[in-house]
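Read off the chains here:
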Amino acid sequence: MLIFALGLCVGVVLGTIIVGFLAVSAYDRGFDDALERRGDRIAELRARHIAVARRLRDRARAS
C-alpha cells in the first residue's frame, strides 16, 4: 500500500511539472504571435493614416 501511495504521489508531481512546462511554453508562443500581429496591425494603421493625410493634402491644394 505504501508503494502504491508513493507511486501515486510521484506520478502527480511529475504530471504537474510537465503540464506546467507545457502551459508556460504555450503562453510564450501565444505572446510572441500576439506581438507579431500587433506589429502588422500598427504598420497597416500607419499606412492608412498616411493615405488619408495625402488625400486631404491633395484636396486642400486643389481648392
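Provided above is the structure to which this section pertains.
Below is a short write-up of the structure. What you see is a predicted model, and the numbers here were worked out from it, not measured in a lab.

What counts, and at which threshold
Throughout, residues of each chain are indexed from 1 in the direction in which the sequence is written. Residue-level local features of this predicted model are given only where pLDDT is at least 70; pairs of side-chain atoms are given and counted only at 80 or more, and the full residue set underlies all totals for whole chains, interfaces and linings. By convention in this description, side-chain values take in all heavy atoms of the structure and omit both hydrogens and water. Numbering of helices and strands runs from the N terminus; a helix is a DSSP stretch of H or I covering at least four residues, while a strand is a stretch of E covering at least two. Two things to know: the radius of gyration comes from C-alpha atoms, and the globule rule equals 2.2 Å times the number of residues to the power 0.38. Each residue gets one of three labels from its accessible area relative to the maximum for its type: buried under 20%, exposed over 50%, partly exposed in between, using a 1.4 Å probe on protein chains only. Reported accessibility uses the Shrake-Rupley method at a 1.4 Å probe radius. Residues are deemed covered only where the shown protein chains occlude them. In this count, Lys and Arg are taken as positive residues and Asp and Glu as negative ones, while His and the chain termini are left out. Lysine's charge is taken at NZ, arginine's at CZ, aspartate's at CG and glutamate's at CD. Aromatic rings from Phe, Tyr and Trp, taking only the six-membered ring of Trp, are treated as a pair when their centres fall within 6.5 Å; an angle between ring planes under 30 degrees marks them as stacked, one over 60 as edge-to-face, and anything in between as tilted. Two joining distances apply to patches: 9 Å for like charges and 5 Å for nonpolar side chains (Val, Leu, Ile, Met, Phe, Trp, Tyr), and every residue must have over 30% relative accessible area and no salt bridge. Any Lys or Arg side-chain nitrogen found within 4 Å of a carboxyl oxygen on Asp or Glu counts as a salt bridge.

Turning our attention to the overall build of the chain. Tallying secondary structure elements over the chain gives one helix and zero strands in all. Radius of gyration (C-alpha) of the chain: 27 Å, far over the 11 Å computed for a compact globule of 63 residues. Taken along the three principal axes of its C-alpha coordinates, the chain extends 90 × 10 × 5 Å. When the 63 residues of the chain are sorted by exposure, 0% land in the buried category. Carbon and sulfur atoms make up 68% of the accessible area of the chain, which amounts to about 6,100 Å² in all. For the chain, the centre of its 11 positive side-chain charges and the centre of its 7 negative side-chain charges are spaced 12 Å apart.

The tally for this structure, following the rule as stated, stands at one aromatic pair. Centroid distance Tyr27 to Phe31: 6.4 Å. Interplanar angle 20°. Geometry classified as stacked. Separated by four residues within a single helix, Tyr27 and Phe31 lie in helix α1 (residues 2-62), roughly one turn from each other. Among the residues examined, Tyr27 registers a relative accessible area of 61% and is labelled exposed.

Relative to the helices and strands, Gly11 resides in helix α1. On the basis of relative accessible area, Gly11 is assigned to the partly exposed category, the value being 41%. With 33 residues separating them along the chain, Gly11 and Glu44 place their C-alpha atoms 49 Å apart.

Side chains of Leu6, Val10, Val13, Leu14, Ile17 and Phe21 sit close together on the surface and give an oily, nonpolar patch of about 600 Å² of accessible area. Looking at where Val13 falls in the secondary structure, it is placed in helix α1.

What follows deals with a negative patch on the surface. A contiguous patch of negative charge on the surface is contributed by Asp28, Asp32, Asp33, Glu36 and Asp40. Following the sequence through the fold, Asp32 ends up in helix α1. You can call Asp32 partly exposed: its relative accessible area is 36%.

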